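Structural overview
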Amino acid sequence: MSTIDILGFALKSLRGYALRTGLMLLAMAIGVAAVVVLTSLGEGARRFVVAEFASLGTHLLIVLPGRSETTGGPPLLLGETPRDLTIDDAVALNRSRAVRRIAPITVGSARVSYRRRDRESIIIGSTREFLDVRHLTMGQGRFLPEADPRRASPVCVLGAKIRQELFGGDKALGQWVRLGDRRFRVIGVLASEGRTIGIDVEEIVVVPVASALALFDTASLFRILVEARTREAIPRAQKDIVDIVRSRHDGEDDITVITQDAVLSTFDNVLRALTLTVAGIAAISLAVAGILIMNVMLVAVSQRTSEIGLLKALGASGRRILVLFVTEAGALSLIGAVLGLVIGKIGGWIVGRLYPALSVSTPWWAIVAALAVALGTGLLFSMLPARRAARLDPVQALSRR
Amino acid sequence: MIQLQQVHRIFEVGDQKVHALDDVSLDIKRGEYIALMGPSGSGKSTLLNIVGLLDRPTSGKYVLDGQNVTALSDQSQAEMRRDKIGFVFQFFHLVPRLNASENIALPMVLAGVPVAERKARVSRILDAVGLTDRAHHRPDQLSGGQRQRVAIARATVMEPAAILADEPTGNLDSASGKDVLDILEALNDNNITLIVVTHDLDIAKRARRRLHMVDGCIDSDTTTGERK
Ligand SMILES: Nc1ncnc2c1ncn2[C@@H]1O[C@H](COP(=O)(O)OP(=O)(O)O)[C@@H](O)[C@H]1O
Ligand SMILES: [Mg+2]
């Protein structure tokens, strides 16, 4: 019996029981579609996060005050109060030859006001380098001037939305705004460029780091962004930073240095694991579809007992009967799986239209895995019914009508 | 061509043993026309199934075309069945979702006969049984007599050496029963061995050789010179 004839026979039997076939196709298709949609979403989320991080620059190191118990993560709930990370510490980091530039950062929130209008805003204290390290662009005016980071100066740069809210259509450059109880002159406005990880640059006010420390009455920086000269220089820079700060802090290791790469790969791993988990859960529905196929095939075998007897009388061996039934289940699973892929793709496309930021894309391995699992369960679960059919005694099978 | 030697077939139902065939020995030559008669439960179907390789004797020897087939594997028995034997059943046993042509072609599909040859043989045989205009009808669109003719066409399409018919007219009115028998006898004229199980004495009289069974034994074996 040729392969084409075997397939033809299987497809004809499937067509012969349209309702049964339709339901099984549906079960298989739903399972596969679930796998495709869920992995697409997971993969989309992963790519989104990775792209966001990459936009921050990949030779970036972040220095935080306080020692982290686990390597890589920032200190979250730590008992001891670490020594302050000061502007002097930041400036000292420039001694390392692996470091291209540094941007000390302090963050707080304060009331910003201009004439009658005011609002609460995030205030970032930093230096000229912040612009380059965070890849920001200016909308109007200039950014903070090149200056000694230890010197305070009453100038500020506004996020686009803050400017809009305080000034409306009026000219902002050169005006004096109030931050808390101090006055600052607006020297620039940031271009609006949407969200990046962490903060919305449209809703910040940037001032020189020394001014911010004075404003919040503290000596400790929130963190120091350090850009290494090259990607290869990152480990070297990390070691230098630790050494320099240790020598300045009486031999104590009381800072944490995390690299962009480490954060990136952590996120990458977590999100990939999440995608796999979700895909695995969806795959359970495929197994359910497989069990459904088994049950329906068992019913089919008992419904078609006399046909099986007939096939044997016409010269089909037990093996041939087995192949015919397994082929039937295999064809069913494969058609269902392809249907599911199409449905899943359409579903992914719709989600992509609704949430354009999530670059929904189905990883090739998910397609291969969904097809393989669908076909695998179909074949596996049809073995039992097919063997039962193959073993039927033809005389008894024929006596059933 | 068909030789049975001391064949027994014992069914075990629970702890009871049913001796369906009790020491049957039989010798059938190619081209014979045999009517198998006997009361219900006397073992006619069992005998036919063993001759057709659908069932195996509990003991005894079966030689088909000079070959001892008792010990053959499932696979080889299936092949012999396909190539040498054609079955015709009381209840037709057509595949309901296949049309007449497809039902007739089924043994050739199983045997891997090329498509072109299949088509040629099917149309030739449809013509022989007078069903050319019903080629694409499904079984439920055919009368009983037409169904049985499709079944006979299917049984002969592989050009078997023997046709085994178990009460082929049992479910038909007398007119279509006669048609069916005419077709079977025409095949017998072409040197195909024909064994027909029947309860109808008029039908049995048409055969040259008549076997009568009682309780699993052949109690009479008569041969008349000519077919009526
Ligand atoms: N599969 C079976 N299991 C048990 N007993 C059977 C089986 N097949 C046939 N028999 C018994 O064997 C005897 C012969 O049956 P069968 O050959 O069908 O008779 P006939 O065709 O002459 O009516 C009967 O008593 C029947 O009950
Ligand atoms: Mg019988």
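These remarks concern the structure in this document. Remember, it's a predicted structure, so these values are computed and weren't measured experimentally.

All right, on to the pairing of strand 8 (residues 204–208) of chain A then. All names here are of chain A. Most of strand 8 sits out of view: 5 of its 5 residues are buried. For strand 3 (residues 117–126) and strand 8, the ladder comprises 5 bridges, and the chain directions are parallel. Within strand 8, the residue paired with Ile124 across the bridge is Val206. Pairing of strand 5 (residues 155–158) with strand 8, which is carried by 2 bridges, proceeds in the antiparallel orientation. Bridge pairing links Leu158 to Val205 in strand 8.

Moving on: the sheet that holds strand 1 (residues 2–13) of chain B. All names here are of chain B. Pairing is antiparallel in the open sheet, where 4 strands are placed in the order 2-1-4-5. The two strands at the open ends of the sheet, each matched to only one other strand, are strand 2 (16–28) and strand 5 (67–68). Bridging between strand 1 and strand 2 involves 9 bridges; their strand directions are antiparallel. Within strand 2, the position partnered with Val7 by the bridge is Val24. Across the sheet, helix 1 (residues 44–51) lies against strand 1, strand 2 and strand 4 (59–64), angled at about 120 degrees from strand 1, the strand it touches most.

On to the site of ligand 1, then. Near ligand 1, the surroundings consist of 13 residues, among which Gly41(B), Gly43(B), Lys44(B), Ser45(B) and Thr46(B) are the closest. What surrounds ligand 1 is not a single chain but chains A and B. Here Lys44(B) contributes a side-chain N or O atom positioned 2.9 Å from an oxygen atom of ligand 1. For ligand 1, whose accessible area on its own is 560 Å², the fraction buried by protein is 67%. Of all the secondary structure elements, the ones that give two or more residues to the shell around ligand 1 are strand 1, strand 2 and helix 1 of chain B. Element by element, the count of residues in the shell around ligand 1 is highest for helix 1 of chain B, at 3 residues. Its residues assigned to classes, the shell around ligand 1 comprises 5 nonpolar, 7 polar and 1 charged.

The subject of this paragraph is the packing of helix 9 (residues 305–313) of chain A against helix 10 (residues 318–354) of chain A. Axes are the key here: two packed helices are described by the angle between their axes and the distance separating the axes. Residues and elements named next belong to chain A. It is at 10 Å that the axes of helix 9 and helix 10 come closest, and there the two elements cross at 135 degrees. Overall, the two elements helix 9 and helix 10 adopt an arrangement that is oblique. Here helix 9 runs over helix 10; the crossing is right-handed. Seen from helix 9, the contacting residues are Ile308, Leu311 and Lys312; seen from helix 10, they are Gly318, Ile321, Leu324 and Phe325. A class-by-class count of the residues in the contact of helix 9 with helix 10 yields 5 nonpolar, 1 polar and 1 charged.

How each quantity is defined
- Residues numbered from 1 in each chain as written.
- Chains lettered and ligands numbered in written order.
- Predicted model: local features only at pLDDT ≥ 70, side-chain atom pairs only at ≥ 80, totals over all residues.
- Heavy atoms only, no water.
- Buried < 20%, exposed > 50% of the residue type's maximum accessible area, 1.4 Å probe, protein only.
- Helix = DSSP H or I, 4+ residues; strand = E, 2+ residues; numbered from the N terminus.
- Pairing = 2+ DSSP bridges.
- Contact = heavy atoms within 4.5 Å.
- Axes fitted to C-alpha atoms, helices over the stretch in contact; angles between N-to-C directions.
- Near = heavy atom within 4 Å.
- Polar contact = N/O pair within 3.5 Å; in protein donor to acceptor, adjacent residues only side chain to side chain.
- Areas by Shrake-Rupley, 256 points an atom, 1.4 Å probe, with all protein chains shown as cover.
- Nonpolar A, V, L, I, M, F, W, Y, C, P; charged D, E, K, R; others polar.
- Parallel < 35°, antiparallel > 145°, perpendicular 65-115°, else oblique.
- Left-handed = near helix turned anticlockwise from the far one by under 90°.

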